[in-house]
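Structural overview for review
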Amino acid sequence: MTSAAIQKHFTLELHTELSDGTRILVRTLRPDDKSELLKGFAQLSRVSRRFRFLSPIRKLSEKQLSLLTNVDQVNHVAIAARDLDDPSQPGIGVARFLRLEQDPSVAEFAITVIDGYQHRGLGTLLLELLLKAAQVLSVRTLRGYLLEDNVAMIRLLDK
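Residues numbered from 1 in each chain as written. Predicted model: local features only at pLDDT ≥ 70, side-chain atom pairs only at ≥ 80, totals over all residues. Heavy atoms only, no water.

Concerning the overall build of the protein
- Helix and strand counts for the protein come out as five helices and six strands.
- Its helices and strands taken in sequence order, the protein reads β-β-α-α-α-β-β-β-α-β-α from the N to the C terminus.
- For the protein, the C-alpha radius of gyration of 15 Å lies close to 15 Å, the compact-globule estimate for 159 residues.
- Across its three principal directions, the C-alpha atoms of the protein cover 40 × 35 × 35 Å.
- Looking at the protein residue by residue over its 159 residues, the buried ones come to 47%.
- Within the protein, the 19 negative side-chain charges are centred at a point lying 3 Å from the centre of the 22 positive side-chain charges. (Helix = DSSP H or I, 4+ residues; strand = E, 2+ residues; numbered from the N terminus. Rg over C-alpha atoms; globule rule 2.2 N^0.38 Å. Buried < 20%, exposed > 50% of the residue type's maximum accessible area, 1.4 Å probe, protein only. Lys, Arg positive; Asp, Glu negative; His and termini not counted. Charge placed at Lys NZ, Arg CZ, Asp CG, Glu CD.)

Here we look at the pairing of strand E2 (residues 23–28)
- Counting buried positions over the six residues of E2 gives five, a clear majority of the element.
- Two strands pair when backbone bridges link them, and strand E1 (residues 13–17) and E2 are joined in this way by five bridges, in the antiparallel orientation. Within E2, the residue paired with Glu 17 across the bridge is Arg 23.
- Counting the residues that bridge the hairpin from E1 to E2 gives five residues, and of these Gly 21 lies at a positive phi of roughly 95°.
- Relative to strand E3 (residues 76–83), E2 runs antiparallel, the two being bridged by five bridges. Residue pairing for E3: Thr 28 is matched across the bridge by Ile 79. (Pairing = 2+ DSSP bridges.)

Notes on the nonpolar core
- Ranked by internal contacts, the top residues of the largest apolar core, which has 41 residues, are Val 26, Ile 79, Phe 97, Ile 111, Leu 122 and Leu 126.
- Contributions of two or more residues to this core are made by E2, helix H1 (34–42), helix H3 (62–69), E3, strand E4 (93–99), strand E5 (106–113), helix H4 (122–136) and helix H5 (151–158).
- The leading source of residues in this core is H4, at eight residues.
- If sequence neighbours within four positions are ignored, Ile 79 has contacts with Phe 10, Leu 12, Val 26, Arg 27, Thr 28, Leu 29, Gly 93, Val 94, Ala 95, Leu 126, Leu 129 and Leu 130. (Core = buried A, V, L, I, M, F, W, Y, C linked by side-chain atoms within 4.5 Å. Contact = heavy atoms within 4.5 Å.)

Let's talk about the pattern of salt bridges
- Following the criterion strictly, the structure yields seven salt bridges and no others.
- Between Arg 120 and Asp 20 there is a salt bridge, and its shortest N-O distance comes to 2.7 Å. One end of the pair, Arg 120, is in the loop between E5 and H4; the other, Asp 20, is in the loop between E1 and E2, and 100 residues separate them in sequence.
- For Asp 20, a relative accessible area of 43% puts it in the partly exposed group.
- Here Arg 23 makes a salt bridge to Asp 85, at a shortest N to O gap of 2.7 Å. In this pair, Arg 23 sits in strand E2 while Asp 85 sits in the loop between E3 and E4, placing the two residues 62 residues apart along the sequence.
- In the salt-bridge network here, residues are joined through shared partners; they are Glu 36, Lys 39 and Arg 82. (Salt bridge = Lys/Arg side-chain N within 4 Å of Asp/Glu carboxyl O.)

With respect to H1
- Taken as a whole, H1 has its buried residues at Glu 36, Leu 37, Gly 40 and Phe 41. Burial along H1 is one-sided: seen end-on, the buried residues are contained in an arc of 140°.
- Where H1 is buried, its residues contact helix H2 (46–53), H3, E3 and E4. (Arc of directions from axis to C-beta.)

What follows is the structure, given as structure tokens:
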């Protein structure tokens, strides 16, 4: 999909804290994270699912799950977060971008944070890390689609 000039793979492993002191691990997503992604998806409210997928979705198909987890960290970059203070908790957030085939310097992005971790700084952190990944991989423009009632995301992007 991308030119030979773009050969770097994005990798990340970061231990940090949310605004409330919750210790988290943020790292590049791997294909073996499928079960964690499904568990996290199950913790999204109807509203959060609608905001993320732009339509009401109750279940991820095998094809969707594969598309969300089979990332090359070059053209499709995904970063996942886990709560280190609660090992029973599934992945708590994911940020990703996918380059456009017609222009690899542009990518579409999405951020998802499970409901119990929203409004604690995780979305902001994931966006900042996604912007760094874009810079490392020579993506000049991130674009996204959102619903007009997704006020939290609109505020995040306004920052």
